[in-house]
Amino acid sequence: MAPVFVPPLIAQGQPTESFSNQPAPAYGQPVPSQYPYGVPPITTPPGVTTWGVNGPQVFRQGYSLWDDAGWLPRVQTSLPGDIRFGVFEANLGLNHTVPTGFGPWMFSLQHEFGYRNWEFAPVRDIDLFRFGWDARLEMPLNSGLNWGGLPFAVTLAMNPSINTDLQQSLGRNAVNINGRGVVYIQTDPRLMFALGAGFWDRVHDRVIPYAGIVWLPDDRWEFRMMFPESRISLYLGNHWGLENTWLYVSGQYHVESYEVASPTGRDQIQMEDWRVMAGLRNSSPYVSGFIEAGWVFGRNIELRSGPSFDPASGFIGIRFKKL
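What counts as what
Residues numbered from 1 in each chain as written. Predicted model: local features only at pLDDT ≥ 70, side-chain atom pairs only at ≥ 80, totals over all residues. Heavy atoms only, no water. Helix = DSSP H or I, 4+ residues; strand = E, 2+ residues; numbered from the N terminus. Buried < 20%, exposed > 50% of the residue type's maximum accessible area, 1.4 Å probe, protein only. Contact = heavy atoms within 4.5 Å. Areas by Shrake-Rupley, 256 points an atom, 1.4 Å probe, with all protein chains shown as cover. Phe/Tyr/Trp six-rings, centres within 6.5 Å; stacked < 30°, edge-to-face > 60°. Core = buried A, V, L, I, M, F, W, Y, C linked by side-chain atoms within 4.5 Å. Salt bridge = Lys/Arg side-chain N within 4 Å of Asp/Glu carboxyl O.

Q: I tried to follow the overall build of the protein chain on my own but got confused; where do I start?
A: Along the protein chain, the regular secondary structure elements total zero helices and 19 strands. Taking all 323 residues of the protein chain together, 52% fall into the buried category. Taking all contacts inside the protein chain whose residues are at least 6 apart in sequence as the whole, residues at least 24 apart take part in 57%. For the protein chain, the exposed area adds up to about 13700 Å²; of that, 66% sits on carbon and sulfur atoms.

Q: Is there a simple way to explain the packing of aromatic side chains in this structure?
A: Each pair of aromatic rings is reported with the distance of its centres and the angle of its planes. One pass over the structure, following the stated rule, counts 18 aromatic pairs. For the pair Tyr 115 and Phe 129, a centre-to-centre distance of 5.5 Å together with 50° between the ring planes defines the contact as tilted. Highlighted residues: Tyr 115 in strand β5 (residues 106-121) and Phe 129 in strand β6 (residues 124-139), separated in sequence by 14 residues. Since its relative accessible area comes to 18%, Phe 129 is described here as buried. Centroid distance Trp 200 to Tyr 253: 5.9 Å. Interplanar angle 15°. Geometry classified as stacked. Within this pair, whereas Trp 200 is found in strand β10 (residues 191-200), its partner Tyr 253 is found in strand β15 (residues 242-262), the two being separated by 53 residues in sequence.

Q: Which parts of the structure should I look at to understand the nonpolar core?
A: Generally speaking, nonpolar side chains in soluble globular proteins are found buried as a group. Membership of the largest hydrophobic core comes to 22 residues, with the highest contact counts inside it found for Phe 85, Trp 118 and Phe 120. Mapped onto this core, the elements with two or more residues apiece are β3 (62-76), β4 (84-99), β5, β6, β15, β16 (265-282), β17 (288-303) and β19 (314-322). Not counting the four nearest positions on each side in its chain, Trp 118 is found in contact with Phe 85, Gly 86, Val 87, Arg 124, Asp 125, Ile 126, Leu 128, Glu 256, Tyr 258, Ile 269 and Met 271. Listed in part, the 13 residues of the second largest apolar core include Trp 200, Tyr 210, Val 214 and Val 255.

Q: Looking at this model, I keep getting lost on the pattern of salt bridges. Mind explaining?
A: Opposite charge on two side chains permits pairing when their charged atoms draw close. Tallying each qualifying case throughout the model produces 14 salt bridges. Measuring nitrogen to oxygen at the nearest pair gives 3.3 Å for the salt bridge that ties Asp 165 to Arg 266. You can see Asp 165 sitting in the loop between β8 (150-164) and β9 (175-188) and its partner Arg 266 sitting in strand β16, a full 101 residues away along the chain. We classify Arg 266 as partly exposed; its relative accessible area is 23%. With a closest N to O distance of 3.2 Å, Glu 272 and Arg 206 form a salt bridge. Placement of Glu 272 in strand β16 and of Arg 206 in strand β11 (residues 206-209) is noted, with a sequence separation of 66 residues between them. One exposure class covers both Glu 272 and Arg 206, and it is buried.

Q: Looking at this structure, how should I read unusual backbone geometry?
A: Peptide bonds are trans in most cases, and residues, glycine excluded, mostly fall at negative phi. Cis rather than trans, the peptide bond between Ala 121 and Pro 122 has omega equal to 5°. Looking at the secondary structure, you find Pro 122 in the loop between β5 and β6. Put simply, Gly 306 and Pro 307 share a cis peptide bond, and its omega is -10°. Mapped onto the secondary structure, Pro 307 falls in the loop between β17 and β18 (308-309). Even without being a glycine, Asp 82 presents a positive backbone phi close to 55°. By the element assignment, Asp 82 lies in the loop between β3 and β4. Even without a glycine there, the phi angle at Leu 166 is positive, about 60°. Mapped onto the elements of the fold, Leu 166 is located in the loop between β8 and β9.

And the structure:
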(Lines give C-alpha, C1' and ligand atoms only; values in the text may rest on other atoms or scores of the structure.)
Protein backbone atom coordinates (compact mmCIF):
# COMPACT_ATOMS: atom_id res chain seq x y z
CA MET A 1 0.00 0.00 0.00
CA ALA A 2 1.15 3.52 -0.58
CA PRO A 3 2.56 5.38 2.39
CA VAL A 4 0.11 7.51 4.30
CA PHE A 5 1.12 10.87 5.64
CA VAL A 6 0.12 12.18 9.08
CA PRO A 7 0.84 15.68 10.44
CA PRO A 8 3.59 15.99 13.06
CA LEU A 9 1.21 16.58 16.01
CA ILE A 10 -0.38 13.14 16.05
CA ALA A 11 -2.93 11.30 18.12
CA GLN A 12 -3.16 7.80 19.53
CA GLY A 13 0.61 7.24 19.35
CA GLN A 14 0.67 5.68 15.86
CA PRO A 15 3.74 5.89 13.60
CA THR A 16 3.67 8.89 11.26
CA GLU A 17 4.34 6.88 8.11
CA SER A 18 3.45 3.37 7.17
CA PHE A 19 1.80 1.09 4.64
CA SER A 20 -1.33 1.18 6.70
CA ASN A 21 -3.99 3.53 7.96
CA GLN A 22 -3.08 6.05 10.59
CA PRO A 23 -5.17 7.78 13.28
CA ALA A 24 -6.20 11.39 13.06
CA PRO A 25 -4.17 14.35 14.36
CA ALA A 26 -5.25 16.25 17.45
CA TYR A 27 -4.78 19.97 18.05
CA GLY A 28 -4.19 22.37 20.92
CA GLN A 29 -1.49 22.64 23.56
CA PRO A 30 -0.10 19.33 24.85
CA VAL A 31 -0.41 18.53 28.53
CA PRO A 32 2.69 17.71 30.63
CA SER A 33 4.24 14.45 29.41
CA GLN A 34 4.02 12.34 32.56
CA TYR A 35 2.29 9.55 30.64
CA PRO A 36 3.61 7.63 27.61
CA TYR A 37 1.55 9.73 25.16
CA GLY A 38 1.39 13.04 27.00
CA VAL A 39 -2.07 12.41 28.46
CA PRO A 40 -3.36 10.05 31.13
CA PRO A 41 -5.14 7.02 29.65
CA ILE A 42 -8.91 6.97 30.01
CA THR A 43 -10.11 3.82 31.73
CA THR A 44 -13.68 2.65 32.11
CA PRO A 45 -15.20 -0.40 33.73
CA PRO A 46 -16.71 -3.05 31.43
CA GLY A 47 -19.99 -1.96 29.87
CA VAL A 48 -19.39 1.76 30.50
CA THR A 49 -19.05 4.22 27.62
CA THR A 50 -17.58 7.72 27.75
CA TRP A 51 -17.54 10.36 25.02
CA GLY A 52 -15.06 12.94 23.82
CA VAL A 53 -11.62 12.92 22.25
CA ASN A 54 -8.71 11.92 24.49
CA GLY A 55 -6.94 15.29 24.30
CA PRO A 56 -3.93 16.44 22.27
CA GLN A 57 -1.03 14.03 22.15
CA VAL A 58 2.54 14.71 21.09
CA PHE A 59 5.21 12.67 19.33
CA ARG A 60 5.76 9.17 20.58
CA GLN A 61 9.51 8.97 21.07
CA GLY A 62 11.54 5.79 21.04
CA TYR A 63 10.68 2.61 19.17
CA SER A 64 7.30 1.43 17.89
CA LEU A 65 6.47 -1.72 15.92
CA TRP A 66 3.51 -2.18 13.58
CA ASP A 67 2.23 -4.78 11.15
CA ASP A 68 -0.71 -5.24 8.81
CA ALA A 69 -2.09 -7.69 6.26
CA GLY A 70 -4.59 -7.45 3.41
CA TRP A 71 -6.43 -9.71 0.99
CA LEU A 72 -7.92 -8.93 -2.42
CA PRO A 73 -9.84 -11.95 -3.81
CA ARG A 74 -9.35 -13.02 -7.42
CA VAL A 75 -11.23 -11.01 -10.03
CA GLN A 76 -11.53 -11.12 -13.80
CA THR A 77 -8.96 -9.20 -15.88
CA SER A 78 -8.87 -7.79 -19.40
CA LEU A 79 -6.21 -10.36 -20.35
CA PRO A 80 -7.22 -13.09 -22.82
CA GLY A 81 -7.68 -16.64 -21.60
CA ASP A 82 -9.92 -16.03 -18.58
CA ILE A 83 -7.00 -15.02 -16.31
CA ARG A 84 -8.02 -13.88 -12.83
CA PHE A 85 -5.95 -11.63 -10.54
CA GLY A 86 -5.76 -11.79 -6.72
CA VAL A 87 -3.48 -10.29 -4.06
CA PHE A 88 -2.27 -11.12 -0.58
CA GLU A 89 -0.17 -8.45 1.11
CA ALA A 90 1.61 -8.11 4.46
CA ASN A 91 3.74 -5.30 5.88
CA LEU A 92 5.97 -4.79 8.89
CA GLY A 93 7.61 -1.61 10.21
CA LEU A 94 9.89 -0.52 13.04
CA ASN A 95 9.87 3.23 13.73
CA HIS A 96 12.30 5.19 15.90
CA THR A 97 11.74 8.87 16.80
CA VAL A 98 14.23 11.08 18.68
CA PRO A 99 14.79 14.83 19.25
CA THR A 100 17.46 16.31 17.00
CA GLY A 101 18.82 18.83 19.51
CA PHE A 102 18.20 21.59 16.95
CA GLY A 103 15.23 23.52 18.26
CA PRO A 104 11.87 21.75 18.01
CA TRP A 105 12.88 19.43 15.16
CA MET A 106 12.33 15.69 15.54
CA PHE A 107 13.95 12.93 13.48
CA SER A 108 12.28 9.61 12.69
CA LEU A 109 13.62 6.59 10.83
CA GLN A 110 11.30 3.75 9.92
CA HIS A 111 12.52 0.39 8.63
CA GLU A 112 9.85 -1.15 6.37
CA PHE A 113 9.27 -4.61 4.93
CA GLY A 114 6.48 -5.59 2.56
CA TYR A 115 5.45 -8.89 0.98
CA ARG A 116 3.05 -9.35 -1.94
CA ASN A 117 1.70 -12.46 -3.61
CA TRP A 118 0.17 -11.53 -6.95
CA GLU A 119 -1.83 -14.45 -8.33
CA PHE A 120 -2.49 -14.68 -12.06
CA ALA A 121 -4.70 -17.75 -11.99
CA PRO A 122 -4.39 -20.27 -13.53
CA VAL A 123 -1.04 -19.20 -15.04
CA ARG A 124 1.37 -18.30 -12.20
CA ASP A 125 2.00 -16.55 -8.89
CA ILE A 126 4.56 -13.80 -8.33
CA ASP A 127 6.14 -13.22 -4.91
CA LEU A 128 7.25 -9.61 -4.45
CA PHE A 129 9.27 -7.98 -1.68
CA ARG A 130 9.82 -4.39 -0.54
CA PHE A 131 12.66 -3.23 1.75
CA GLY A 132 12.25 0.44 2.61
CA TRP A 133 13.59 3.18 4.89
CA ASP A 134 11.51 6.26 5.64
CA ALA A 135 13.59 9.15 7.05
CA ARG A 136 11.62 12.16 8.32
CA LEU A 137 12.64 15.53 9.71
CA GLU A 138 9.59 17.06 11.36
CA MET A 139 8.73 20.21 13.27
CA PRO A 140 5.57 19.62 15.36
CA LEU A 141 2.58 21.91 15.39
CA ASN A 142 3.07 22.79 19.06
CA SER A 143 6.67 23.99 18.60
CA GLY A 144 5.78 27.56 19.59
CA LEU A 145 6.76 28.96 16.19
CA ASN A 146 4.21 30.73 14.02
CA TRP A 147 3.81 32.16 10.55
CA GLY A 148 1.90 35.43 10.43
CA GLY A 149 0.64 34.68 13.92
CA LEU A 150 -0.52 31.16 12.96
CA PRO A 151 1.13 27.99 14.32
CA PHE A 152 2.59 25.76 11.62
CA ALA A 153 4.30 22.40 11.21
CA VAL A 154 6.73 21.06 8.61
CA THR A 155 7.63 17.59 7.37
CA LEU A 156 10.54 16.79 5.04
CA ALA A 157 11.06 13.14 4.15
CA MET A 158 12.87 10.69 1.90
CA ASN A 159 11.63 7.14 1.40
CA PRO A 160 14.04 4.96 -0.65
CA SER A 161 13.15 1.31 -1.12
CA ILE A 162 14.24 -1.86 -2.91
CA ASN A 163 11.32 -3.56 -4.69
CA THR A 164 12.00 -6.93 -6.30
CA ASP A 165 10.94 -10.53 -6.85
CA LEU A 166 14.43 -11.67 -5.70
CA GLN A 167 14.78 -13.80 -8.84
CA GLN A 168 17.85 -12.11 -10.36
CA SER A 169 20.45 -9.49 -9.50
CA LEU A 170 19.02 -6.04 -8.84
CA GLY A 171 18.81 -3.36 -11.52
CA ARG A 172 17.99 0.35 -11.37
CA ASN A 173 14.25 -0.29 -11.65
CA ALA A 174 14.30 -2.20 -8.36
CA VAL A 175 15.10 1.05 -6.52
CA ASN A 176 12.28 3.52 -5.83
CA ILE A 177 13.36 6.88 -4.41
CA ASN A 178 10.37 8.76 -3.06
CA GLY A 179 10.26 12.10 -1.29
CA ARG A 180 7.80 14.61 0.11
CA GLY A 181 7.60 17.99 1.78
CA VAL A 182 4.51 19.39 3.50
CA VAL A 183 3.68 22.56 5.45
CA TYR A 184 0.69 22.62 7.83
CA ILE A 185 -0.89 25.88 8.96
CA GLN A 186 -3.41 25.90 11.80
CA THR A 187 -5.79 28.82 11.32
CA ASP A 188 -8.06 27.77 14.16
CA PRO A 189 -7.93 25.06 16.87
CA ARG A 190 -10.44 23.15 14.74
CA LEU A 191 -9.09 23.91 11.24
CA MET A 192 -5.75 23.19 9.58
CA PHE A 193 -4.55 23.53 5.99
CA ALA A 194 -1.82 21.42 4.39
CA LEU A 195 0.16 22.26 1.26
CA GLY A 196 3.00 20.23 -0.18
CA ALA A 197 4.11 17.80 -2.85
CA GLY A 198 5.61 14.36 -3.17
CA PHE A 199 7.58 12.41 -5.76
CA TRP A 200 6.79 8.74 -6.45
CA ASP A 201 9.41 6.78 -8.38
CA ARG A 202 7.45 4.18 -10.37
CA VAL A 203 7.17 2.86 -13.95
CA HIS A 204 5.71 6.28 -14.68
CA ASP A 205 7.15 8.79 -12.20
CA ARG A 206 4.62 11.00 -10.47
CA VAL A 207 4.67 14.37 -8.74
CA ILE A 208 1.58 14.36 -6.55
CA PRO A 209 0.06 16.94 -4.19
CA TYR A 210 0.14 16.39 -0.45
CA ALA A 211 -2.58 18.89 0.29
CA GLY A 212 -5.98 19.43 1.85
CA ILE A 213 -7.70 20.45 5.07
CA VAL A 214 -8.38 18.91 8.46
CA TRP A 215 -11.59 20.12 10.13
CA LEU A 216 -12.75 19.22 13.63
CA PRO A 217 -16.35 20.51 13.95
CA ASP A 218 -16.71 19.11 17.49
CA ASP A 219 -15.09 16.62 19.85
CA ARG A 220 -16.48 13.56 18.03
CA TRP A 221 -16.08 14.24 14.29
CA GLU A 222 -12.96 14.72 12.21
CA PHE A 223 -12.86 15.44 8.48
CA ARG A 224 -9.38 14.93 7.04
CA MET A 225 -9.89 15.81 3.37
CA MET A 226 -6.42 15.22 1.98
CA PHE A 227 -4.64 13.80 -1.05
CA PRO A 228 -3.45 11.05 -1.52
CA GLU A 229 -5.62 9.81 1.37
CA SER A 230 -8.74 11.24 3.02
CA ARG A 231 -10.67 10.08 6.05
CA ILE A 232 -13.87 10.95 7.89
CA SER A 233 -13.84 9.70 11.50
CA LEU A 234 -16.46 9.51 14.25
CA TYR A 235 -15.28 9.06 17.84
CA LEU A 236 -17.40 6.39 19.54
CA GLY A 237 -15.82 6.55 22.99
CA ASN A 238 -14.53 3.88 25.37
CA HIS A 239 -16.46 0.60 25.23
CA TRP A 240 -16.06 -2.42 27.53
CA GLY A 241 -12.55 -1.46 28.56
CA LEU A 242 -11.37 -0.63 24.99
CA GLU A 243 -10.03 2.91 24.85
CA ASN A 244 -10.54 5.44 22.06
CA THR A 245 -12.74 3.64 19.54
CA TRP A 246 -13.33 5.29 16.15
CA LEU A 247 -15.59 4.51 13.19
CA TYR A 248 -14.22 5.80 9.90
CA VAL A 249 -14.49 5.88 6.11
CA SER A 250 -11.37 6.52 4.03
CA GLY A 251 -10.33 6.91 0.41
CA GLN A 252 -6.83 6.42 -1.01
CA TYR A 253 -4.91 6.69 -4.27
CA HIS A 254 -2.36 3.86 -4.38
CA VAL A 255 0.55 2.96 -6.72
CA GLU A 256 3.36 0.44 -6.19
CA SER A 257 5.98 -1.09 -8.49
CA TYR A 258 8.57 -3.90 -8.52
CA GLU A 259 11.41 -5.13 -10.68
CA VAL A 260 10.64 -8.65 -11.92
CA ALA A 261 12.18 -11.38 -14.06
CA SER A 262 11.03 -11.54 -17.68
CA PRO A 263 11.88 -13.66 -20.75
CA THR A 264 14.16 -10.85 -21.94
CA GLY A 265 15.91 -10.28 -18.59
CA ARG A 266 14.53 -7.72 -16.11
CA ASP A 267 11.34 -5.68 -16.32
CA GLN A 268 9.31 -3.45 -14.00
CA ILE A 269 5.65 -3.99 -13.12
CA GLN A 270 3.34 -1.39 -11.59
CA MET A 271 -0.10 -1.62 -9.97
CA GLU A 272 -2.32 1.46 -9.65
CA ASP A 273 -5.74 1.68 -8.02
CA TRP A 274 -8.17 3.65 -5.86
CA ARG A 275 -9.43 2.30 -2.52
CA VAL A 276 -12.46 3.15 -0.38
CA MET A 277 -12.49 1.57 3.08
CA ALA A 278 -14.71 1.51 6.17
CA GLY A 279 -13.61 0.24 9.53
CA LEU A 280 -13.20 0.46 13.29
CA ARG A 281 -9.98 1.35 15.06
CA ASN A 282 -9.03 1.54 18.69
CA SER A 283 -5.95 2.65 20.57
CA SER A 284 -4.40 2.65 24.01
CA PRO A 285 -0.96 3.64 25.30
CA TYR A 286 0.26 0.09 24.64
CA VAL A 287 -1.63 -1.64 21.81
CA SER A 288 -3.56 -0.18 18.88
CA GLY A 289 -5.34 -1.82 16.00
CA PHE A 290 -8.09 -1.71 13.44
CA ILE A 291 -10.17 -3.92 11.21
CA GLU A 292 -11.53 -2.66 7.91
CA ALA A 293 -12.87 -3.71 4.53
CA GLY A 294 -13.79 -1.91 1.36
CA TRP A 295 -13.71 -1.70 -2.40
CA VAL A 296 -10.82 -1.26 -4.84
CA PHE A 297 -11.49 0.16 -8.31
CA GLY A 298 -9.87 2.00 -11.23
CA ARG A 299 -7.22 -0.74 -11.30
CA ASN A 300 -4.42 -0.93 -13.84
CA ILE A 301 -1.33 -3.13 -14.06
CA GLU A 302 1.43 -2.13 -16.46
CA LEU A 303 4.87 -3.41 -17.48
CA ARG A 304 7.61 -0.94 -18.37
CA SER A 305 8.08 -2.89 -21.60
CA GLY A 306 4.28 -2.82 -22.12
CA PRO A 307 1.45 -3.72 -22.40
CA SER A 308 -1.05 -2.93 -19.60
CA PHE A 309 -4.26 -4.61 -18.47
CA ASP A 310 -7.09 -3.87 -16.07
CA PRO A 311 -8.28 -6.12 -13.25
CA ALA A 312 -11.95 -5.71 -12.38
CA SER A 313 -13.06 -3.81 -9.28
CA GLY A 314 -13.38 -5.91 -6.18
CA PHE A 315 -13.40 -6.41 -2.42
CA ILE A 316 -10.43 -5.62 -0.20
CA GLY A 317 -10.04 -6.55 3.46
CA ILE A 318 -7.23 -5.42 5.76
CA ARG A 319 -6.49 -6.06 9.41
CA PHE A 320 -3.93 -4.20 11.47
CA LYS A 321 -2.27 -4.70 14.82
CA LYS A 322 0.32 -2.39 16.34
CA LEU A 323 2.53 -3.51 19.22
